[in-house]
Every structure is written in structure tokens, then in C-alpha cells.
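Architecture and fold: a report
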Amino acid sequence: MFLSQLHINRHHALAQRDLGDRHELHRTVLSAFPKQISADERVLFRLEIDRRRPCAIVLIQSQTLPNWGTSRRPNEPGYLLQPPETRAIQPQIKDGMCLLFRLQSNPTVKWDGKRHAIFDDDRLIEWLRRKGEAHGFAVDPRHVRIVKPGKAYGKRGRQTWHVVQFDGLLEVVGAEAFASALRDGIGSAKAFGCGLLSVPYPLAETVAEAYSPRAWG
């Protein structure tokens, strides 16, 4: 797999359009990839904005190596504050690993044939626990922090997603299922910046290693 990072200039006009509309950002991300990629490949990305900094960070994970030199927006003068960064990763997952993680998601529950956003913290933790059961990991609520960046919009405001970020520590309890979750993402709205499960590389094998200064190196 490959991880790419874009440092987007929040003050650039085209960047503002992308950052305010997940459909536009989705198009920009996919423009770095061949039009015909494998049918089973999911290009995942996550947008992180720190209002104190002039750049927004977009982290992109893919199985295909991107070509940022031919992408839609990043070659516009001033769109990026520094060149794109891409590196190959080969996670070796084993049961019992304790890993720091970050997951921006679109937690929903379905009833009456529609998806409804989850807002309550206890229900959000329960949603994460259920996803863990399905995807080979376990979490202790005491080691999970919930951040609510707010709503994300698409199609010029006609579409809305409720975005929640989970930061914390997890334990791998099903290596194969967890490896699939790393590759394919978790939850809904994956095409629009939700579902990318991030862990530090190299991987840790104990809680002490997970919290060591080198963990996110």
C-alpha cells in the first residue's frame, strides 16, 4: 500500500473549493490515479484542518501508486505549500498488537430505510466497539478520545455528513480482519473522507511501544 500526504494552502481559491466540498476533494484525490483502477481497490483519504496553521493536511491511502504530477489541483501554483509526499507501507499484523489509532468516520444507525447520524458519546463508543468486533480489534472506552470536527458538505451543500474522529489505543484480536480494515476502511462515506483507519508505522507490539516517542516516526 501507499500513503500520501498533501499540505494544501487554505488561502488558495481552488483549495477553498476543495476543502469546502467533499465531492470536489474526492475528484482531486482520484485525479492522481488511473481512470481504470482495480474494481476491488478503495482509495481512502482523511482531511485534517488546524485553524492555527495556513495548511490543511490530506492523508491518502491507496494500493496503486499515485501520480501527483498529473493530478487535477495540486499542480496549480500556490495550491500546495510543499511537494506531495508518498511512501510505501507493508503492515505486518499480528494478534495481540496494541496500536495507537485515528479514525474519522460517519457513524450512523439505519432505521425506516434511512441512515441517521449518531451524536451521543456512549452510542458512539458502542458503534466503535461493534465495528471492532467486525474488523478484528478491541477498544477500551477509557483509552478512546472522541473529537467532533463537525459537518462535511458535498455538492455545494446539498449533501451533508456528520464526521466524528476517534483517537486512542486498540488491540488487534483478529489479524486478518484487521488487515482488511486497514486496507478497505471502516463505515460509510468512504469516498468522501471517512473510514480511513490510521495506525503508526512501524507497528508496535505492546502498550509501552505504542506510547513511545518513536511510535509515529
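Residues numbered from 1 in each chain as written. Predicted model: local features only at pLDDT ≥ 70, side-chain atom pairs only at ≥ 80, totals over all residues. Heavy atoms only, no water.

1. Considerations on unusual backbone geometry
- Despite not being glycine, alanine 189 shows a phi value in the positive range, around 60°.
- Relative to the assigned elements, alanine 189 resides in the loop between helix 4 (175-184) and strand 10 (197-198). (Helix = DSSP H or I, 4+ residues; strand = E, 2+ residues; numbered from the N terminus.)

2. Let's talk about the nonpolar core
- Phe101, Leu128, Phe166 and Phe178 are the most contacted members of the largest nonpolar core, which totals 24 residues.
- If you list the elements that add at least two residues to this core, you get strand 5 (98-105), helix 3 (121-135), strand 8 (137-154), strand 9 (159-172) and helix 4.
- Not counting chain neighbours up to four residues away, the residues in contact with phenylalanine 101 comprise Leu128, Val139, Val144, Phe166, Asp167, Gly168, Leu169, Leu170, Leu197, Ser198 and Val199.
- Counting 17 residues, the second largest nonpolar core, distinct from the first, contains Ile8, Leu25, Ile60 and Tyr79. (Core = buried A, V, L, I, M, F, W, Y, C linked by side-chain atoms within 4.5 Å. Buried < 20%, exposed > 50% of the residue type's maximum accessible area, 1.4 Å probe, protein only. Contact = heavy atoms within 4.5 Å.)

3. Here's the deal with the side chain of glutamine 165
- Mapped onto the elements of the fold, glutamine 165 is located in strand 9.
- When its relative accessible area of 8% is taken as the criterion, glutamine 165 is described as buried.
- Looking at glutamine 165, its side chain comes within polar contact range of the side chain of glutamine 104, at 2.9 Å.
- Here aspartate 167 takes part through its side chain, which lies 3.0 Å from a polar atom of the side chain of glutamine 165. (Polar contact = N/O pair within 3.5 Å; in protein donor to acceptor, adjacent residues only side chain to side chain.)

4. With respect to helix 2 (residues 22-30)
- Those residues of helix 2 lying buried are Arg22, His23, Glu24, Leu25, Thr28 and Val29.
- Looking at where helix 2 begins, the residue whose side-chain oxygen comes 2.9 Å from the main-chain nitrogen of histidine 23 is aspartate 21.

5. A few points about the sheet that holds strand 4 (residues 85-88)
- Pairing is antiparallel across the open sheet formed by four strands, whose spatial order is 2-3-1-4. Of all the strands in the sheet, the pair left with one neighbour each is strand 2 (44-49) and strand 4. Recorded for the sheet is a direction-independent mean angle of 15° between the axes of neighbouring strands.
- Looking at chain direction, strand 2 and strand 3 (residues 55-62) are connected through six bridges and run antiparallel. Bridging from a neighbouring strand, leucine 44 pairs with glutamine 61 of strand 3.
- The strands touched by helix 2 are strand 2 and strand 3; relative to strand 2, the strand with the most contacts, the crossing angle is about 125°. (Pairing = 2+ DSSP bridges. Axes fitted to C-alpha atoms, helices over the stretch in contact; angles between N-to-C directions.)

6. Concerning the pattern of salt bridges
- Counted according to the given criterion, the structure contains 13 salt bridges.
- A salt bridge links arginine 72 to glutamate 24, with the nearest nitrogen and oxygen atoms 2.8 Å apart. Here arginine 72, found in the loop between strand 3 and strand 4, pairs with glutamate 24, found in helix 2; they are 48 residues apart in sequence, far enough to count as distant.
- Here arginine 46 and glutamate 48 are joined by a salt bridge, their closest N and O atoms 2.7 Å apart. (Salt bridge = Lys/Arg side-chain N within 4 Å of Asp/Glu carboxyl O.)

7. Observations regarding the confidence of the model for the chain
- Averaged over all residues, the pLDDT of the chain equals 87, while 90% of them reach at least 70.
- Confidence over residues 210-217 falls short of pLDDT 50; this stretch has 20 contacts with residues more than four positions distant or in other chains. (pLDDT = per-residue confidence, 0-100.)

8. Focus: the pairing of strand 3
- The buried fraction of strand 3 is high, at eight of eight residues.
- Judged by which residues are buried, strand 3 turns out to be covered on both faces: Cys55, Ile57, Leu59 and Gln61 on one side and Ala56, Val58, Ile60 and Ser62 on the other are all buried.
- Two elements, strand 1 (residues 2-9) and strand 3, share eight bridges in a ladder whose sense is antiparallel. Looking across to strand 3, one finds that leucine 6 is bridged to valine 58.
- Counted along the chain from strand 2 to the antiparallel partner strand 3, the turn is five residues long.

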